[in-house]
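In case you want the letters, here they are:
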Amino acid sequence: MTKIIPVVVIKDVCDTVKTLKALKDGGVNCAEICFRTDCAEEAIKIGVKEFPDMEIGAGTVINVAQCETALKAGAKFIVSPGFSSAVAKVCKENGVTYFPGCVTPTEIMQALEEGITTVKFFPASVYGGLKALKALSAPFPQIRFIPTGGVDLSNLKEFAEFDKVYGIGGSFMMKGDITANCKEINKILKGE
């Protein structure tokens, strides 16, 4: 089944447990905690400690310093909005999965040179959505995508049905009732 990778922005570290519990209660066992706030490192530490069975990673990682901080906090995967060979190297050295943002053939080729075969496709709606993924899959059949940005409940199913989609990222499930949103996502993915 397609993975759901919620893009989680924690603005107050006190919200970490409540937010991650809401995801888990909704049947989503993963969270990409973004390095857009001052408390991201602490939120990752709390998440990893309180929810050891969840896949807690770090998102919006744009340099080596953030990557190293996230890994020390216990992040199980790293996501970037673009491609960084330096971040890829740190992840490889630490045995941690890196999902770089890649939307052009050149970026995908750079990822492949680093041994990366799953990339974030961001922002998906701006760069052509599902049509672009299908077009890029022709010359890069070994690549799997995580479309993020522009995917929501209205088009989730069509993205999830494309066999080159590894997972779907986004913050659309974080608005309103997180648990109810996640349950709805799981219904859609199961075809209910």
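Residues numbered from 1 in each chain as written. Predicted model: local features only at pLDDT ≥ 70, side-chain atom pairs only at ≥ 80, totals over all residues. Heavy atoms only, no water.

### Structural notes on the overall build of the chain
Across its full length, the chain holds eight helices and eight strands. Taken over C-alpha atoms, the radius of gyration comes to 16 Å for the chain, in line with the 16 Å a tight globule of 192 residues would show. Principal-axis analysis of the C-alpha atoms places the extent of the chain at approximately 45 × 40 × 25 Å. Every one of the 192 residues in the chain was classed for burial, and the buried ones make up 51%. Total accessible area computed for the chain in this model is approximately 8900 Å², and 52% of it derives from carbon and sulfur atoms. (Helix = DSSP H or I, 4+ residues; strand = E, 2+ residues; numbered from the N terminus. Rg over C-alpha atoms; globule rule 2.2 N^0.38 Å. Buried < 20%, exposed > 50% of the residue type's maximum accessible area, 1.4 Å probe, protein only. Areas by Shrake-Rupley, 256 points an atom, 1.4 Å probe, with all protein chains shown as cover.)

### What to know about the side chain of Asn181
Counting through the fold element by element, Asn181 comes out in helix H8 (residues 178-190). Here the side chain of Asn181 touches Met173 through a polar contact of 3.1 Å, landing on its backbone oxygen. Setting aside residues no more than four positions away along its own chain, Asn181 makes contact with Phe172, Met173, Lys175 and Gly176. (Polar contact = N/O pair within 3.5 Å; in protein donor to acceptor, adjacent residues only side chain to side chain. Contact = heavy atoms within 4.5 Å.)

### Looking at the pattern of salt bridges
A complete count under the given rule lists nine salt bridges for this structure. With its nearest N and O atoms 3.8 Å apart, the salt bridge here joins Glu32 to Lys120. One end of the pair, Glu32, is in strand E2 (residues 30-34); the other, Lys120, is in strand E6 (residues 118-121), and 88 residues separate them in sequence. The same class applies to Glu32 and to Lys120, which are both buried. Across the pair Lys157 and Glu161 runs a salt bridge whose closest N-O atoms are separated by 3.2 Å. (Salt bridge = Lys/Arg side-chain N within 4 Å of Asp/Glu carboxyl O.)

### Overview of the packing of helix H1 (residues 16-25) against helix H2 (residues 40-50)
Contact geometry of H1 with H2 gives a least axis separation of 10 Å together with a crossing angle of 50°. By the criterion of interaxial angle, the relationship of H1 to H2 is oblique. The two elements H1 and H2 cross, and the hand of that crossing is right-handed. Here Thr16, Val17 and Leu20 of H1 come into contact with H2, specifically with Ala43, Ile46, Gly47 and Glu50. (Axes fitted to C-alpha atoms, helices over the stretch in contact; angles between N-to-C directions. Parallel < 35°, antiparallel > 145°, perpendicular 65-115°, else oblique. Left-handed = near helix turned anticlockwise from the far one by under 90°.)

### A look at the pairing of strand E8 (residues 167-170)
Here E8 shows two buried faces, one formed by Gly167 and Gly169 and the other by Ile168 and Gly170. Here strand E1 (residues 3-8) pairs with E8 via four bridges, running parallel. Of the residues in E8, the one forming a bridge with Pro6 is Gly170. (Pairing = 2+ DSSP bridges.)

### Focus: the nonpolar core
Counting residues in hydrophobic clusters, the biggest one holds 61 residues, and the most contacted among them are Leu23, Ile44, Ile78, Leu156 and Ile168. The element contributing the most residues to this core is H8, with five residues. Beyond its immediate sequence surroundings of up to four residues, Ile44 is in contact with Ile33, Phe35, Ile56, Gly57, Ala58, Ala70, Ala73, Gly74 and Ala75. In this structure, Ile5, Cys30, Phe77 and Ile146 belong to the second largest nonpolar core, which totals six residues. (Core = buried A, V, L, I, M, F, W, Y, C linked by side-chain atoms within 4.5 Å.)

### As for the environment of Leu133
Along the chain, Leu133 turns up in helix H6 (residues 129-137). A relative accessible area of 0% means that Leu133 is categorised as buried. Every residue in contact with Leu133, bar those within four places of it in the chain, is listed here: Phe121, Phe145, Pro147, Phe159, Phe162 and Val165.

Read these as layout, nothing more, since geometry by itself doesn't imply function.
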